[in-house]
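Each chain is listed here by its residues.
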Amino acid sequence: MITNRYKNLLFDLLAQPEFRVWRHVFLIGLLIPIGLSQSFFVFNSSTVIPTSTIYGFGISLAAITIALVYFNIYFLAAHFLPKSEYAGYVVFLLLSVSGFVILKQTAEYWIFSKADIIREFNWISVLDGLSNLVLYAICVASGSITISFKRWLAGNDRIESLESKKLKNSIEEIRNRINPRFLYATLNNASEKVKSEPEQTSDTLYKLSELLRYQLYDCKRNQVLLDSDIRFIRNYLILEQQNSKNTLSFTITVTGERNKFIPPALFTPWIEEIIIQHPTELNVKFDIDDCNIRFECKVSKMDLSLCNFTKTEKKLELIYGNNIAVSKGIDSIALKLKTC
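Calculation notes
Residues numbered from 1 in each chain as written. Predicted model: local features only at pLDDT ≥ 70, side-chain atom pairs only at ≥ 80, totals over all residues. Heavy atoms only, no water. Helix = DSSP H or I, 4+ residues; strand = E, 2+ residues; numbered from the N terminus. Areas by Shrake-Rupley, 256 points an atom, 1.4 Å probe, with all protein chains shown as cover. pLDDT = per-residue confidence, 0-100. Contact = heavy atoms within 4.5 Å. Patch = residues over 30% accessible without salt bridge, like charges linked within 9 Å, V, L, I, M, F, W, Y side chains within 5 Å. Salt bridge = Lys/Arg side-chain N within 4 Å of Asp/Glu carboxyl O. Buried < 20%, exposed > 50% of the residue type's maximum accessible area, 1.4 Å probe, protein only. Core = buried A, V, L, I, M, F, W, Y, C linked by side-chain atoms within 4.5 Å. Pairing = 2+ DSSP bridges. Axes fitted to C-alpha atoms, helices over the stretch in contact; angles between N-to-C directions. Parallel < 35°, antiparallel > 145°, perpendicular 65-115°, else oblique. Left-handed = near helix turned anticlockwise from the far one by under 90°. Nonpolar A, V, L, I, M, F, W, Y, C, P; charged D, E, K, R; others polar.

Undergrad: Sorry if this is basic, but what is going on with the overall build of the protein chain here?
TA: Helices and strands together make up the secondary structure of the protein chain, namely 11 helices and seven strands. Within the structure as shown, the protein chain displays about 20600 Å² of accessible surface, and the carbon and sulfur contribution to it stands at 61%.

Pasting the structure below:
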């Protein structure tokens, strides 16, 4: 949809459908005097050439130029420019204009010969032809300015739409990360123990603040340290363990160097999806080497087919492509991330 900032006369003339007829009238009205002026420039110095011939040549030149401009607008530009095939567009444009220039110069020589005026073909003729080629190519190509302008506006509108959609998705993603059930359970658990166990309550709130800081700030970055993601998972599971009144037990084992950069929140969605099913035991393992990070989560007395990982898997495929591989079993799930 066209926004108000483009509402001006130039934009209306170039892009609005209701001005289409005026665009064509303006274009044709501009090309006819150009054709006539070219004819008078070439033949007016020769008194033996009839005025009717000069006008006839000028009108014919203008008509062919108009046909060439519309051929460019409705075929060349319409076919090549939307596909960004600029090389093909330039080649066919130059071929079309070259044919037009050759036809024009041939007609000029024929008219001069009919008037018994001899014009020699030399390097000046070649240079004149090349200059005509460049000038007419620019003239004809300028006819597609409306297509290019509309395409530019459509591209801008699409970018704005995508940016708006991205912003909305980011906000929605943040909302989804901050699980209301988890927040309520954690704060409720802290309020119950604020008097009886103040140190544990303080530790609970500190871990919760770390989780929120990671989700709201670190997750906006392109990459974070693997150690930060592991620490997030550990804090999350500790709080879930407290919320479940210690019915959940877990272990986290890390092998290798954890100071590697990975996309944020890469492993946590899998843990969160499993936690929804209320498992009693989780064993999380990270194996890290020079080029790979392997994440594995095993559960006890639970069928992982109950978990819906579809959305998370599609997101991984969309963002990370072939750099990540997922394998699932009845009681385990594993991810392998290629980092180099």
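Alright, that's what it looks like, and here's the rest.
Undergrad: What exactly am I supposed to notice about the confidence of the model for the protein chain here?
TA: In regions of low pLDDT, the predicted coordinates are not meant to be interpreted in detail. Looking at the protein chain as a whole, its pLDDT mean stands at 78, while 81% of the residues score no less than 70. Ignoring residues within four places in sequence, the model shows residues 1–7, a span with pLDDT below 50, making nine contacts including any to other chains.

Undergrad: Just checking my understanding: could you explain a nonpolar patch on the surface for this structure?
TA: Among the surface-exposed residues, Val21, Trp22 and Val25 lie close enough to one another that they form a single nonpolar patch of about 340 Å² accessible area. Of note, Val21 is situated in helix α2 (residues 20–43). Judged by relative accessible area, Val21 falls into the exposed class, the value being 59%.

Undergrad: Which parts of the structure should I look at to understand the nonpolar core?
TA: Side chains of a nonpolar character, in soluble globular proteins, are inclined to be buried together. Leu237, Phe267, Ile271, Ile274, Leu282, Phe286 and Phe295 are the most contacted members of the largest nonpolar core, which has 42 residues in total. Those elements giving two or more residues to this core turn out to be α8 (198–216), α9 (226–243), β2 (249–255), α10 (268–276), β4 (281–288), β5 (292–299) and β7 (332–338). With near-sequence residues (within four places) excluded, Ile271 lies in contact with Ile233, Tyr236, Leu237, Leu282, Val284, Phe295 and Cys297.

Undergrad: Where do I start with the pairing of β5 in this structure?
TA: Both faces of the sheet carry side chains from a regular strand, because those side chains alternate between them. The pairing of β4 with β5 spans seven bridges and is classified as antiparallel. Across the sheet, the residue bridging to Val284 is Cys297, located in β5. Between the end of β4 and the start of β5, which pair antiparallel, lie three residues. Looking at chain direction, β5 and β7 are connected through seven bridges and run antiparallel. Residue Cys297 lies in a different strand from β7, and its bridge partner there is Ile333.

Undergrad: So what exactly am I meant to see when it comes to unusual backbone geometry here?
TA: Excluding glycine, most residues fall at negative phi; most peptide bonds, likewise, are trans. The backbone of His278 shows a phi angle near 55°, a positive value even though the residue is not glycine. Of note, His278 is situated in the loop between α10 and β4.

Undergrad: Which parts of the structure should I look at to understand the packing of α8 against α9?
TA: Geometry of a packed helix pair, given as the angle between the helix axes and the separation of the axes. Two numbers describe how α8 lies on α9: the axes approach to 10 Å, and their chain directions differ by 135°. For the element pair α8 / α9, the angle class is oblique. In this structure, α8 meets α9 at a crossing whose hand is left-handed. Counted together, Gln200, Thr204, Lys207, Leu208, Glu210, Leu211, Tyr214 and Gln215 of α8 and Ser228, Asp229, Phe232, Asn235, Tyr236, Ile238, Leu239 and Gln242 of α9 form the full contact between these two elements.

Undergrad: How should I be thinking about the pattern of salt bridges in this particular structure?
TA: Once the charged atoms of two side chains with opposite charge are near each other, the side chains can pair. The full count for this structure, using the stated rule, is six salt bridges. Among the salt bridges present, the one from Glu108 reaches Lys104, with a minimum N-O distance of 2.5 Å. Taken as a pair, Glu108 and Lys104 lie in helix α4 (residues 86–114) at a separation of four residues, close to a single helical turn. The exposure classification of Glu108 matches that of Lys104, with both residues buried. Where salt bridges share partners, they join Asp227, Arg231 and Arg258 into one cluster.

Undergrad: Explain the side chain of Thr268 to me, please; I cannot follow it from the model alone.
TA: Within the element layout of this structure, Thr268 appears in helix α10. Looking at Thr268, the relative accessible area reads 5%, which means it is buried. Among all residues touching Thr268, those that are not within four sequence positions of it are Asp229, Phe232 and Ile233.

Undergrad: What is the right way to read the sheet that holds β4 from this model?
TA: In sheet architecture, strand pairing relies on hydrogen bonds along the backbone and comes in two forms, parallel and antiparallel. Spatially, the five strands line up as an open sheet ordered β2-β4-β5-β7-β6, and their pairing is mixed. Of all the strands in the sheet, just β2 and β6 (324–328) have a single pairing partner and so form its edges. Sheet twist, expressed as the average angle between the axes of neighbouring strands with direction ignored, equals 10°. Pairing of β6 with β7, which is carried by five bridges, proceeds in the antiparallel orientation. Across the sheet, residue Ala325 finds its bridge partner in β7, namely Lys336. Contacting β2, β4 and β5, α9 crosses the sheet at an angle of about 170° to β2. Across the sheet, α10 touches β4, β5, β6 and β7, and the angle it forms with β5 is around 5°.

Undergrad: Help me understand the packing of helix α3 (residues 51–80) against helix α5 (residues 123–141), please; the structure alone is not making it clear to me.
TA: α5 packs onto α3 with a crossing angle of 55° between their chain directions and a minimal axis gap of 9 Å. If you check the angle between α3 and α5, you find them oblique. Read as a crossing pair, α3 and α5 show a hand that is right-handed. When α3 is examined against α5, the residues Leu61, Thr65, Leu68, Val69 and Asn72 are found in contact with a partner set consisting of Tyr136, Val140 and Ala141. Classifying every residue of the contact of α3 with α5 by side-chain character gives six nonpolar, two polar and no charged.

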